[in-house]
Amino acid sequence: MTAIPKIETSKALPIPTDFGIEGMSCASCVLRVEKAIAAVPGVASATVNLATERATVTYSEPVPTEAVLQAIAKAGYEPKLETRELGVEGMTCASCVSRVEKALKTVPGVKDASVNLATERATVRIVSGTSALALEDAVRTAGYEVRRITADRSTDDNEDRRDREANRLKVSLALSAALTLPLFVLEMGSHFIPAIHDWIMVNIGMGNNLVIQFVLTTIILFGPGLRFFTKGVPNLLRWTPDMNSLVVLGTSAAWSYSVVATFLPGVLPSGTANVYYEAAAVIVTLILLGRYLEASAKGKTSQAIKHLIGLQAKTAYVKRGEDFAEIEIEDVVLGDIVRIRPGEKVPVDGRVTGGASYVDESMITGEPLPVKKSAGDEVVGGTINKTGSFTFAATKIGSDTLLAQIIKMVEAAQGSKLPIQALVDRVTGWFVPAVIAAATLTFVAWLLFGPSPALTFALVNAVAVLIIACPCAMGLATPTSIMVGTGRAAELGILFQKGEALQTLRDVDVVALDKTGTLTKGKPELTDFVVSAGFDRAETLRLVASLETHSEHPIAEALVAAARGDGQALFEVLDFVAAPGYGVSGRIDGRTVLVGADRSMTKNGIDISSFSHQAAALGDEGKSPLYAAIDGRLAAIIAVSDPIKETTPQAIKALHALGLKVAMITGDNRRTAQAIARQLGIDEVVAEVLPDGKIEAVRTLRSGGRKVAFIGDGINDAPALSEADIGLAVGTGTDIAIESADVVLMSGDLNGVPRAIAISKATIRNIRQNLFWAFAYNVSLVPVAAGVLYPVNGTLLSPILAAGAMGLSSVFVLANALRLRRFKPN
């Protein structure tokens, strides 16, 4: 097996590298870090500057960056790392990916590098301060072009570049096909159709026929097919062959042999002066066809990103002086007052200042029903106003808007690698050299042991082996499925912040949920208000709510909100008294009103036994009843609770249907938690826990090797989201919870959880199908191309068929990945 030699970016010693270091506070820290780095074998010296928090390291021999980073960490300090992205042009297969990654990893200061063939991007984890030029030089030395990716560069640039490449391929394919058709007719037609053979012999002559074929094939190889030579030959000379190199070797062998047979037939053994011009030409044409179909399909894999970008408004009507003027979206500044009319897109994020309307937020949350917006409500850029008109103040613009962040998250997830990709990376490192070795072995075996004419058989079968092998399909198998899967998930309101979450989520055994704001609405509401005989409900609620306006308790807020929701005007309160642990009292409109727990009623001599049945029922539901008394008479029993979201029961059933256990982790009292668990069919309950306790609860649920997914929305959920095998944040929650999560559900609908798991399973299943096809294709057809079936049944694989099969393998993988665009959760 031939190994790919290590790519050397320079014969000289590595240039000095700067390492950013956090945590140093004094001169002793500087000394400790310098000693730690200097102790690394191959480090000549290390100089640390406390003021700049940087260490400059010089080398006596090449040293892995990871060794220096580990030395800094062992000394007790944190090396500063950052992530940088580079666009890489010219990659065609998995071998290209492997080569670029290896080249980048040789650059001093690079901790890790990951290259994605589908997105044509390299994500590099580097020491803060590492030269961008060094990264770019490494990529160019490996034989590829670099495209800088900047924050202000439109994502459309990448799509425009792909469209231009697809158009170039289309022109090359058309020219190659136009020249290949007459060539094919001249050669193959004369073999199978006597009339064509006779016409050629009479009107052209065999010698002229061969010259015409030579001219046409040469134009095809060094015209439309020149792209294979410009990439493949330099990589061969570097001893780092790729897919282009295989095409060059195969077509050049067929063309060169044919040229000798045409112009110097006497140097070949008797009976072997055959020409294979049509094979070389058809191979180029079919591979160009495959590349064109592949480029077209690649464009479709990023449809979700195109759709998201298309949601962005181009202009906005902004208040300038006394009037509103239409300006470019880039000119909107924070605090600008923006006017939205019916049917218009909301240009940036903001908060409504006037007017009201219904806004379609389905493109962000996946929820189909428009949402009512009025003063104080937040609106999101990219959503569509329906019927009304309103104004809002811009609170987030440019790259800070929610839509921009969503696009950034989707792009990051699409560019990531899954653990399942590790096998592909190991195989592709040696795949192309192994194919060349197999082709060489095939040629020698047929030449030594094949039937007459042995040289002809040896050449044809060796070329077939070179052409049939397809690392393209291997390289596209995983990233294309990730691109389409994460894009489809985004359309459903599910954002995978990390691509790895796709693989992790499908393997979870337990789904643990926070209660408040996740299972429930997160805002207490008046759920029960039953009055005694002789009391009017509306009047009693009005008196109770008036009293509660002087209290800051959440229960008080719920009672006041309920009364105001009924359109009631509240009374003035006199002699207000709050007794902690008991309740509140006061005089309202000449009447004495008391609201509190049962102990408050007992203390004031008020009998509550008439409500014993209702109190027991509320207790079973996990609600703590309150009572109201007016002028010393029991007036009402009251319950305020955080109601369960309407979609929660359905989501729990869906999780159970997936075979998952559901657990609830909450800081609420055990009785309330158990009541909710019974109501929803939750399997396990961990109640009365603080944020640190949630971490321990996740660890407990993980016992027995179970994988745990945690769903939360609040600041207190962030530790548990980070601790779980995978964290899912409800998008209506806090920013810190969202930042701690691996997956974000853009709406508050918990049905997003089973949807996310379902698309995770579908995507990984799609990846496995692609990988099976890519590997099975090569494992089965390379031996066939080598001729292993010839002794059994006389089967040989024509290089032309090999070229067609090779092109179709990549198209098959892309087409299979594109099926995820039609994914619909049950």
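Residues numbered from 1 in each chain as written. Predicted model: local features only at pLDDT ≥ 70, side-chain atom pairs only at ≥ 80, totals over all residues. Heavy atoms only, no water.

## Quick word on the overall build of the protein
Counted only if it meets this: For the purposes of this entry, the term helix denotes a DSSP run of H or I that reaches at least four residues, the term strand denotes a run of E that reaches at least two, and both are numbered from the N terminus. Burial classes follow relative accessibility: with a 1.4 Å probe on protein chains only, a residue under 20% of its type's maximum area counts as buried, one over 50% as exposed, and anything between as partly exposed. Should any heavy atoms of two residues lie within 4.5 Å, those residues are counted as being in contact. The Shrake-Rupley method, run with a 1.4 Å probe sphere, supplies the accessible areas, and residue values consider only the shown protein chains as cover.
Along the backbone of the protein there are 30 helices and 29 strands. By the burial criterion, 51% of the 826 residues in the protein qualify as buried. Sequence-distant contacts in the protein: of pairs separated by 6 or more residues, those separated by 24 or more amount to 69%. For the protein, the accessible area works out to roughly 36,000 Å², and carbon and sulfur atoms hold 57% of it.

## Quick word on helix α4 (residues 132-141)
Threshold: Arc, as used here, means the arc of the directions from the helix axis to the C-beta atoms.
Residues Leu135, Glu136, Ala138 and Val139 constitute the buried set of α4. The buried side chains of α4 occupy one side of the element, clustering within an arc of 155° when seen end-on. Where α4 is buried, its residues meet β5 (81-89), α3 (94-105), β6 (110-116), β7 (121-127) and β8 (145-148). Backbone geometry just downstream of α4 places Gly143 in the positive-phi region, at approximately 105°.

## Observations concerning the pattern of salt bridges
Quick reminder of the rule: We define a salt bridge as a contact between a side-chain nitrogen of Lys or Arg and a carboxyl oxygen of Asp or Glu at a distance within 4 Å.
In this structure the tally under the stated criterion is 22 salt bridges. Of the charged contacts in the structure, one is a salt bridge between Lys80 and Glu53, with a shortest N-O distance of 3.3 Å. A residue pair is termed long-range when its members are at least 10 positions apart, and Lys80 in the loop between β4 (78-79) and β5 and Glu53 in the loop between β2 (43-49) and β3 (54-59) qualify at 27 residues. Salt-bridge contacts for Glu82 lead to Arg84; the nearest nitrogen and oxygen are separated by 2.8 Å. Classification of Arg84 as partly exposed rests on a relative accessible area of 22%. If you follow the salt bridges from partner to partner, you end up with Glu696, Arg699, Arg702, Glu723 and Asp725 in one network.

## Considering the packing of aromatic side chains
Our working rule: Note on aromatic pairs: the rings of Phe, Tyr and Trp (six-membered ring only in Trp) are paired at centre separations within 6.5 Å, and the planes decide the class, stacked below 30 degrees, edge-to-face beyond 60, tilted for the rest.
All chains considered together, the criterion is met by 12 aromatic pairs. Ring geometry for Phe214 versus Tyr277: centroids 6.4 Å apart, planes at 65°, classification edge-to-face. Of this pair, Phe214 sits in helix α7 (residues 206-222) while Tyr277 is found in helix α10 (residues 277-301), placing the two residues 63 residues apart along the sequence. Residue Phe214 is classed as partly exposed on the basis of its relative accessible area, which comes to 22%. A relative accessible area of 0% places Tyr277 in the buried class. Ring centres of Phe457 and Tyr790 lie 5.9 Å apart, and the angle between their planes is 55°; on these two criteria the pair is classed as tilted. Remark: Tyr790 occurs in helix α29 (residues 790-793) and Phe457 occurs in helix α15 (residues 454-468); sequence separation between them is 333 residues.

## Here we look at the nonpolar core
Put simply, the test is: To form a nonpolar core, buried Ala, Val, Leu, Ile, Met, Phe, Trp, Tyr and Cys residues must be joined to one another through side-chain atoms within 4.5 Å.
Counting residues in hydrophobic clusters, the biggest one holds 138 residues, and the most contacted among them are Met91, Leu104, Phe496 and Leu728. No other element matches the 15 residues that helix α28 (residues 752-786) contributes to this core. Setting aside anything within four residues of it in sequence, one finds Leu104 in contact with Leu86, Val110, Ala113, Val115, Ala122, Val124, Leu135 and Val139. Counting residues in hydrophobic clusters, the runner-up holds 23 residues, among them Phe535, Leu541, Val584 and Ala628.

## Comments concerning the sheet that holds β4
The pairing of strands in a sheet happens through backbone hydrogen bonds and is either parallel or antiparallel. Put simply, the rule reads: In this scheme, strands are said to pair when DSSP sees at least two bridges between them.
The 4 strands are arranged β2-β3-β1-β4 in an open sheet whose pairing can be described as antiparallel. Among the strands making up the open sheet, the edge pair consists of β2 and β4. Two elements, strand β1 (residues 17-22) and β3, share 4 bridges in a ladder whose sense is antiparallel. By the bridge assignment for β3, Gly20 is matched with Arg54.

## What about the packing of helix α16 (residues 471-491) against α28?
Counted only if it meets this: Where helices are involved, their axes are fitted lines through C-alpha atoms of the stretch in contact, as for all axes, and angles between N-to-C directions lie from 0 to 180°. Reported orientations rely on four angle classes, namely roughly parallel under 35 degrees, roughly antiparallel over 145, roughly perpendicular from 65 to 115, and oblique for the rest. Crossing handedness is read from the near helix: turned anticlockwise from the far helix by less than a right angle, it gives a left-handed crossing, and turned clockwise, a right-handed one. The classification used treats Ala, Val, Leu, Ile, Met, Phe, Trp, Tyr, Cys and Pro as nonpolar, Asp, Glu, Lys and Arg as charged, and all other residues, Gly among them, as polar.
Where α16 contacts α28, the two axes come as close as 9 Å, and the packing angle between them is 165°. Compared by their axis directions, α16 and α28 come out roughly antiparallel. Here the hand of the crossing between α16 and α28 comes out right-handed. Across from Ala473, Met474, Ala477, Thr478, Thr480, Ser481, Ile482, Gly485, Arg488 and Ala489 in α16, the residues of α28 making contact are Ile759, Thr763, Asn766, Ile767, Asn770, Leu771, Ala774, Phe775 and Asn778. A per-class count over the contact of α16 with α28 returns 10 nonpolar, 8 polar and 1 charged.

## Here we look at the environment of Phe535
Checked against the element boundaries, Phe535 lands in the loop between β19 (525-531) and α19 (537-548). Its relative accessible area of 13% is what places Phe535 among the buried residues. Taking the C-alpha atoms as reference points, Phe535 and Leu634, 99 residues apart in sequence, are found 9.5 Å from one another. In this structure, Phe535 is in contact with Thr540, Ile630, Arg633, Leu634 and Ala635, ignoring residues within four places of it in sequence.

## Side note on the sheet that holds strand β23 (residues 626-630)
Reading across the sheet, the 6 strands line up as β19-β24-β23-β22-β21-β20 and stay open at both edges, with antiparallel pairing between neighbours. If you trace the sheet from one side to the other, it starts and ends with β19 and β20 (573-579), each paired once. The average undirected angle you get between the axes of adjacent strands in this sheet is 20°. As paired elements, β20 and strand β21 (residues 583-588) share 5 bridges and run antiparallel to each other. Following the sheet pairing, Ala578 is matched in β21 by Val584. Where helix α22 (residues 612-620) meets the sheet, it contacts β19, β23 and β24 (633-641), and its direction lies at approximately 10° from that of β24.

## Some points on the environment of Asn461
Considering the arrangement of structural elements, one finds Asn461 in helix α15. Setting aside its immediate chain neighbours within four residues, Asn461 contacts Thr442, Trp446, Ala785, Ala786 and Leu796.

## Focus on the UniProt feature "transmembrane region" (unreviewed entry) in the protein
Operational definition: UniProt positions are given in the numbering used here, feature names are shortened, and annotations may be inferred rather than shown by experiment.
Residues given the UniProt feature "transmembrane region" (unreviewed entry) here are residues 171-193, 199-222, 243-263, 275-293, 427-449, 455-478, 771-790 and 796-818. Spanning residues 243-263, this segment combines 100% helix with 0% strand, and its end C-alpha atoms are found 30 Å apart. A helix fraction of 85% and a strand fraction of 0% characterise residues 771-790, whose end C-alpha atoms lie 28 Å from each other.

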